[in-house]
Amino acid sequence: MTLADMQFVVPDLRLASAEIVVLAMACLVLIVDVFVQDKKRTLTFALIQVSLLGAAVATLLTSSGQILYTFNNMYVGDLMGDLLKLCVYVTVSVVLFYSRGYVNDRPQLARGEFYVLTLFATLGMMVMISANHFLTVYIGIELLSLSLYAMVALNRDSVTSTEAAMKYFVLGALASGLLLYGMSMIYGATGTLEITAVAEQAFNGQINRTILAFGLVFLVSGVAFKLGVVPFHMWIPDVYQGAPTAVTLFIASAPKLAAFAIMVRMLVNGLLIASADWQIMFLILSVLSMALGNFAAISQSNIKRMLAYSAISHMGFMLLGMVTGVVGGDARFALNAYSSSMFYVITYVLTSAGAFGMLTLLARTGFESEEIKDLAGLNKRNPWYAALLMMMMFSMAGIPFFVGFFAKFSVLQAVVAAGYLWLAIAAVFFSLVGAFYYLRVVKVMYFDQPVEEARVVAPLGVKVLISANGLLVALLGVFPNGLMWLCAYTLSQSL
Amino acid sequence: MEFKTFVFYFISAVLVFASLRVVTLKNPVHAALHLILAFFSASGVWILLQAEFLAIALVLVYVGAVMVLFLFVVMLLDINVDRLREGFWKYLPLASIVSLLMVAEMALVLGGTYSGLLESDIPQQDSQYSNSKALGRLLFTEYVYPFELASVILLVGVVAAVALTLRGKTKSKSVSPSEQVFVKAKDRVRVLKIPAEARE
């Protein structure tokens, strides 16, 4: 192709208006924050919330129900992306409300950069969610990860935070390298980096299957790192424990949605032809994660670390839905399986945000609520908070009539429908093991004597928010059909 | 011999000589200077291959930025040269095996028919053709989305670097007499709130 016959089509910027709003607001906040004198940064906080609201409005206005491409097919707008993006906005907004008190108590964190980096990380997630090009996937990941590395290290006088940030940075760079290497292999096999074009090439073209499979291994490793499943999980416990709780809350929630999105984009949209290969890889990763995550969590005394191992096992469980999409070349169950995974990841983010949000609320000036024994007798100090945390724990354990139960149930249904009975049995077994350490937290809260009697204080708005979060975990368990239908419908319109 | 071939052999000879001197010289500053010469010669090879953008990037990025940093470090740190060179002969056999392996691997890749490297000729362009222009045009049209996002990543890098290292101005402890004259008793006494501690 020479310069003369290169046709340039001006991209449809409306489609990406949500990204444009967030980027413009991030730059604005960066400038405005310099002039903010207020130690609590109320104006910065308000501006961030306004930009998230603006992004949500832009996403809703541009959502058309069709699959539309822009920026030379590098950006895709579809219903799945819109739903995941809305979930990201809500999660980030709620997370910031939870962490506000925690951040204001700590001068190291209470700086404009905390909020600006949050917004840049959100932009990175949005780019990942609507990527239709391997290059865009990579750039979105880097934007998200670089913001997260800096946020983990923001508490710069703390040795554990610095160590966690360093580990996260080095391992994250390695994972990015793996991902890029995989992408270059895919490019070598198909001659394109555009995800839909890769799918087309893989379907009709004479492609080199060996190179494709080779690239696939690295792609799966990169995605597995971002999700944090065994054996790419090493960073999760250290980062969750070392990061300030407000940052852990952020890392443990919204980025999982973006990681799910790139997994669907790259593997389902792009490389469904090689599903037999990546399904077997995910099968191994999934079983290993459920086993290691649940058994390692038992021996933890630090609740952030325990929840980190629990996150590993949950992501392993979520992957079960990806394993069972295509059975023997038959994609009949695919929609059901993938939508159960999507339901799982959305409800996990809801529960995880609630659990870490509670830990953030329980921490005070000079005191981190990090050990399980710090929760002792929470019922006597504040029965409502104890009840809410119990709901989160029950939901994570998969006890019936909380949303976690239904999420596990729908994934298992997909697994059984695909004919992997042994896999379903193994998953149930590992969940039973997991129930032990969730119930231990409940036991400590209700039956142990409180070691301290400090009252738990939180502003009214945050109280309402975390109560709503807890009630949603309970209500979605009883009425899951709405969200379940939404996941299935958006996926069916997007694949 | 064509003039172009002569230039190629000349530049390559300088490149190989400079690279050898980088590992054999005793003085680290001289070694760094030879590394600059090696980069410069390599960019000459790029120019011969009609890849002028790569050549410019090599000079700007490596010679202009990386090597300056390198020289700074070498000159600012007091490096004990003898300690550095202690293991040279001890590690030579292992290092030569590794480098021979690398040469063999590269020969396999280049010589094999698998990658088809040798069959593909450099596309011949007319003298007006500019790689930099073509790259720039692609970056600002087809790849404008990732290009802009890459700039956002750089912005995040700047924000992160400032957030992690800037500790504000260090205040001088000298007292201004004009302010001290106006000091009142209540400015001197501070009432501190000490958080309540847990009961034993």
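Per chain, the residues get numbers from 1 upward, laid out in the order the sequence is written. Whichever chain is written first becomes A and whichever ligand is written first becomes 1, with later ones labelled in order. Only residues with pLDDT of at least 70 are given local features in this predicted model, and only at 80 or more are side-chain atom pairs given and counted; all residues enter the totals for whole chains, interfaces and linings. Side-chain descriptors were evaluated using all non-hydrogen atoms of the structure, hydrogens and water having been removed beforehand.

### Comments concerning the overall build of chain B
Right, on to step 1. Helix and strand content of chain B: 9 helices and 0 strands.
Right, on to step 2. Along chain B, from the amino end to the carboxyl end, the secondary structure elements read α-α-α-α-α-α-α-α-α.
Right, on to step 3. Relative accessible area decides the class of each residue, using a 1.4 Å probe on protein chains only: under 20% of the type maximum gives buried, over 50% gives exposed, and in between gives partly exposed. Looking at chain B residue by residue over its 200 residues, the buried ones come to 17%.
Right, on to step 4. A contact between two residues is defined here by any heavy atoms of the two lying within 4.5 Å. Within chain B, contacts between residues separated by at least 24 positions form 57% of all contacts whose residues are at least 6 apart in sequence. Per the convention used, a helix needs a DSSP run of H or I reaching at least four residues, while a strand needs a run of E reaching at least two, with both numbered from the N terminus.

### Things to note about the overall build of chain A
Right, on to step 1. Looking only at helices and strands, chain A has 20 helices and 2 strands in total.
Right, on to step 2. Computed over the C-alpha atoms, the radius of gyration of chain A is 22 Å, within 12% of the 23 Å expected from 2.2 N^0.38 for a compact globule of 495 residues.
Right, on to step 3. Dimensions along the principal axes, computed over C-alpha positions, put chain A at roughly 70 × 60 × 40 Å.
Right, on to step 4. Out of the 495 residues in chain A, the part that is buried amounts to 63%.
Right, on to step 5. The long-range share in chain A, meaning contacts at least 24 apart out of those at least 6 apart in sequence, stands at 80%.
Right, on to step 6. By element, 69% of the accessible surface of chain A is carried by carbon and sulfur atoms, the whole surface being about 18100 Å². Note on method: radius of gyration uses C-alpha positions; expected globular size equals 2.2 Å times residues raised to 0.38. Residue exposure ignores everything except the shown protein chains as possible cover, and the areas themselves are Shrake-Rupley values with a 1.4 Å probe.

### Some details on the packing of aromatic side chains
Each aromatic ring pair is described using two quantities: the centre-to-centre distance and the angle formed by the ring planes.
All names here are of chain A.
Right, on to step 1. In summary, the pairing rule links any two rings of Phe, Tyr or Trp, Trp by its six-membered ring, whose centres are within 6.5 Å, and it sorts them by plane angle into stacked for under 30 degrees, edge-to-face for over 60 and tilted for everything else. If you walk through the whole model with that rule in mind, you get 29 aromatic pairs over all chains.
Right, on to step 2. Here F45 and Y115 contribute two aromatic rings whose centre-to-centre distance is 6.0 Å and whose plane-to-plane angle is 75 degrees, an arrangement assigned as edge-to-face. In this pair, F45 is assigned in helix 2 (residues 42-62) and Y115 in helix 4 (residues 112-129), connecting sequence segments 70 residues apart. Assigned by exposure class, F45 and Y115 land together as buried.
Right, on to step 3. A ring is considered to have a charge above it if a Lys NZ or an Arg CZ atom is located within 6 Å of its centre and within 35 degrees of its normal. In this arrangement the basic side chain of R106 is found over the ring face of Y102, its NZ or CZ atom lying 3.8 Å from the centre.

### Brief notes about the pattern of salt bridges
Residues and elements named next belong to chain A.
Right, on to step 1. Any carboxyl oxygen of Asp or Glu within 4 Å of a side-chain nitrogen of Lys or Arg constitutes a salt bridge here. Scanning the model with the defined rule gives 10 salt bridges over all chains in all.
Right, on to step 2. Among the salt bridges present, the one from D238 reaches R305, with a minimum N-O distance of 3.2 Å. Highlighted residues: D238 in helix 9 (residues 235-242) and R305 in helix 13 (residues 303-323), separated in sequence by 67 residues.
Right, on to step 3. Note on D238: relative accessible area 21%, which makes it partly exposed.
Right, on to step 4. Here R305 falls in the buried class, since its relative accessible area comes to 19%.
Right, on to step 5. Within this structure, E163, K167, D238 and R305 form a network of salt bridges that share partners.

### Side note on the confidence of the model for chain B
Residue and element names in this part refer to chain B.
Right, on to step 1. With 88% of its residues at a pLDDT of 70 or more, chain B has an overall mean of 84.
Right, on to step 2. Residue-level confidence of the predictor, termed pLDDT, takes values from 0 up to 100. Element-level pLDDT for chain B is lowest in helix 4 (residues 81-84), with a mean of 64, against a maximum mean of 94 in helix 7 (residues 144-165).
Right, on to step 3. With a pTM of 0.87, the predicted complex shows an ipTM of 0.92.

### Notes on the packing of helix 6 (residues 159-190) of chain A against helix 9 of chain A
Each pair of packed helices can be described by the angle between their axes along with the distance between the axes.
Residues and elements named next belong to chain A.
Right, on to step 1. To get an axis, a line is fitted to the C-alpha atoms, and for a helix only the part in contact is used. The angle between two axes follows their N-to-C directions and goes from 0 to 180 degrees. One way to put it is that helix 6 packs onto helix 9 with a least axis distance of 8 Å and a crossing angle of 145 degrees. As for the relative orientation of helix 6 and helix 9, their crossing is left-handed in sense. Only W235, D238, V239 and G242 of helix 9 make contact with helix 6, whose side of the interface consists of T160, S161, A164, K167, Y168 and L171.
Right, on to step 2. Of the residues contributing to the contact of helix 6 with helix 9, the split by class is 5 nonpolar, 3 polar and 2 charged. Crossings are assigned a handedness: left-handed for a near helix turned anticlockwise from the far helix by less than a right angle, right-handed for a clockwise turn. Residues are grouped as follows: Ala, Val, Leu, Ile, Met, Phe, Trp, Tyr, Cys and Pro are nonpolar; Asp, Glu, Lys and Arg are charged; all remaining types, including Gly, are polar.

### Some points on the nonpolar core
Right, on to step 1. Counting 205 residues, the largest nonpolar core has M263, W278, F282 and M322 of chain A as the members making the most contacts within it.
Right, on to step 2. Sorting elements by how many residues they give to this core places helix 14 (residues 334-362) of chain A first, with 17 residues.
Right, on to step 3. When sequence neighbours within four positions are dropped, the list of residues in contact with M322 of chain A reads F260, M263, V264, V268, W278, Q279, F282, Y338 and S341 of chain A.
Right, on to step 4. As used here, the term nonpolar core means buried Ala, Val, Leu, Ile, Met, Phe, Trp, Tyr and Cys residues forming a set that is joined through side-chain atoms within 4.5 Å. Listed in part, the 6 residues of the second largest apolar core include A32, I36, V63 and M67 of chain B.

### Focus on helix 7 of chain B
Right, on to step 1. Here the expected length of a helix is defined as 1.5 Å per residue gap, with one fewer gap than residues. With 22 residues, helix 7 of chain B extends 32 Å between its outermost C-alpha atoms, agreeing within 8% with the 32 Å of an ideal straight helix rising 1.5 Å per residue.
Right, on to step 2. Of the surrounding elements, those touching the buried residues of helix 7 of chain B are helix 1 (17-34), strand 2 (75-77), helix 4 and helix 5 (134-153) of chain A together with helix 6 (131-140) of chain B.

### Topic: a nonpolar patch on the surface
Right, on to step 1. There is a patch of nonpolar side chains on the surface, built from M1, F3, F6, F8, Y9 and F10 of chain B and spanning about 770 Å² of accessible area.
Right, on to step 2. Relative to the helices and strands, F3 of chain B resides in helix 1 (residues 3-24). Every patch collects residues that have over 30% relative accessible area and no salt bridge, joining them within 9 Å if they carry like charges and within 5 Å if they are nonpolar side chains (Val, Leu, Ile, Met, Phe, Trp, Tyr).

### Some remarks on the interface of chain A and chain B
Right, on to step 1. Residue-level contacts link 34 residues of chain A with 24 residues of chain B.
Right, on to step 2. The quantity reported as buried area is the accessible area (1.4 Å probe) lost by two parts once they are put together, taken as the sum for both. Taken together, both faces of the contact between chain A and chain B bury some 2700 Å²; the carbon and sulfur share is 76%.
Right, on to step 3. Connecting chain A to chain B are 0 salt bridges.
Right, on to step 4. Polar contacts here mean pairs of N or O atoms no more than 3.5 Å apart (in protein, one a potential hydrogen donor and the other a potential acceptor; neighbouring residues in sequence count only if both atoms are side-chain atoms). In this assembly, chain A and chain B are joined by 5 residue pairs in polar contact (both at pLDDT 80 or more).
Right, on to step 5. Those elements that place two or more of their residues in the side of chain A that touches chain B are helix 1, helix 4 and helix 5 of chain A.
Right, on to step 6. The element best represented in the side of chain A that touches chain B is helix 5 of chain A, accounting for 9 residues.

### Quick word on the packing of helix 17 (residues 403-417) of chain A against helix 18 (residues 421-447) of chain A
All names here are of chain A.
Right, on to step 1. Interhelical geometry of helix 17 versus helix 18 gives an angle of 155 degrees and a closest axis separation of 8 Å. Between helix 17 and helix 18, the angle is such that the two are roughly antiparallel. Both helix 17 and helix 18 take part in a crossing whose hand is right-handed. Contact residues: helix 17 offers K408, L412, V415 and V416, while helix 18 offers L421, L423, A424, A427, V428 and S431.
Right, on to step 2. Residue composition of the contact of helix 17 with helix 18, by class: 8 nonpolar, 1 polar and 1 charged. Convention used here: angles under 35 degrees read as roughly parallel, angles over 145 as roughly antiparallel, angles from 65 to 115 as roughly perpendicular, and any remaining angle as oblique.

### Some words on unusual backbone geometry
All names here are of chain A.
Right, on to step 1. Omega for the bond connecting V230 with P231 falls within 30 degrees of zero, at 5 degrees, which places this linkage in the cis form.
Right, on to step 2. The topology assignment puts P231 in the loop between helix 8 (209-227) and helix 9.
Right, on to step 3. Of note, the phi angle at R41 is positive, near 55 degrees, even though the residue is not glycine.
Right, on to step 4. Among the secondary structure elements, R41 is positioned in the loop between helix 1 and helix 2.
Right, on to step 5. We note that N73 has phi near 65 degrees; this positive angle belongs to a residue other than glycine.

### Details of the environment of L35 of chain B
All names here are of chain B.
Right, on to step 1. If you trace the backbone, L35 turns up in helix 2 (residues 28-48).
Right, on to step 2. What makes L35 partly exposed here is its relative accessible area of 24%.
Right, on to step 3. The sequence separation of L35 and L77 amounts to 42 residues, and the corresponding C-alpha distance is 19 Å.
Right, on to step 4. For L35, the contacting residues outside a window of four places in its chain are V22 and M67.

### Looking at the side chain of R100 of chain A
All names here are of chain A.
Right, on to step 1. With respect to the secondary-structure elements, R100 resides in helix 3 (residues 79-104).
Right, on to step 2. Charge assignment: positive for Lys and Arg, negative for Asp and Glu; neither His nor the chain ends contribute. Although R100 is buried, it forms no salt bridge, and the closest oppositely charged side chain is D38 at an N-O distance of 5.7 Å.
Right, on to step 3. Here the side chain of R100 touches K40 through a polar contact of 3.1 Å, landing on its backbone oxygen.

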